[in-house]
Amino acid sequence: QVQLVESGGGLGQPGGSLRLSCVANGTIQSIYVMGWYRQAPGKQRELVATVATFPGGGNTNYADSVKGRFVISRDNAKNTVNLQMNSLTPEDTAIYYCNVFGRLGGSNIVWWGQGTQVTVSS
């Protein structure tokens, strides 16, 4: 059983920073990509940032709206992915979901976290 556990959401100030973390608990044969998506009220879920783990080796991808403000990082040994969010704006308000694409039992699988609320407001 694989479970993604997110932490670090909450209330942030415009121009401020928040940091999200996600750990993948359980046995995963291989993790290919770890990332973060978000869904604002009334909108579709969208990609925020991803980082390749195996075999891509650290390649990152960011949504245009967060480039230069957010930084994604991962710790392969701990199956952890982090999202450092800087220069927050109210448009960053959303539920943020951790995402892992990996392999288990001979199949490629996508796992999702339960989501963590991020609210940016003064």
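It should be noted that the structure appears before, not after, this text.
About the thresholds
Residues numbered from 1 in each chain as written. Predicted model: local features only at pLDDT ≥ 70, side-chain atom pairs only at ≥ 80, totals over all residues. Heavy atoms only, no water. Core = buried A, V, L, I, M, F, W, Y, C linked by side-chain atoms within 4.5 Å. Buried < 20%, exposed > 50% of the residue type's maximum accessible area, 1.4 Å probe, protein only. Helix = DSSP H or I, 4+ residues; strand = E, 2+ residues; numbered from the N terminus. Pairing = 2+ DSSP bridges. Patch = residues over 30% accessible without salt bridge, like charges linked within 9 Å, V, L, I, M, F, W, Y side chains within 5 Å. Areas by Shrake-Rupley, 256 points an atom, 1.4 Å probe, with all protein chains shown as cover. Salt bridge = Lys/Arg side-chain N within 4 Å of Asp/Glu carboxyl O.

Participant: So what's going on with the nonpolar core? Which residues, and what values?
Facilitator: By size, the foremost hydrophobic cluster in this structure holds 30 residues, and its most contacted members are W36, L83, M85 and Y96. Contributing elements (two or more residues each) for this core: strand 3 (18-25), strand 4 (30-39), strand 5 (46-52), strand 7 (70-75), strand 8 (80-85), strand 9 (94-104) and strand 11 (116-120).

Participant: Before we move on, could you go through the pairing of strand 9 and cite the residues and values that matter?
Facilitator: Two strands pair when backbone bridges link them, and strand 4 and strand 9 are joined in this way by nine bridges, in the antiparallel orientation. Across the sheet, I31 pairs through a bridge with G102, a residue of strand 9. Here strand 9 runs beside strand 11; their pairing, made up of three bridges, is antiparallel. In the strand pairing of strand 11, A94 is matched with V118. Connecting strand 9 to the next strand, strand 10 (residues 107-112), in antiparallel fashion are two residues, including G105 with a positive phi near 60°.

Participant: Run through a nonpolar patch on the surface, naming residues and quoting values.
Facilitator: Together, F101, V110 and W112 make up an exposed nonpolar region whose accessible area comes to about 260 Å². Relative to the helices and strands, V110 resides in strand 10.

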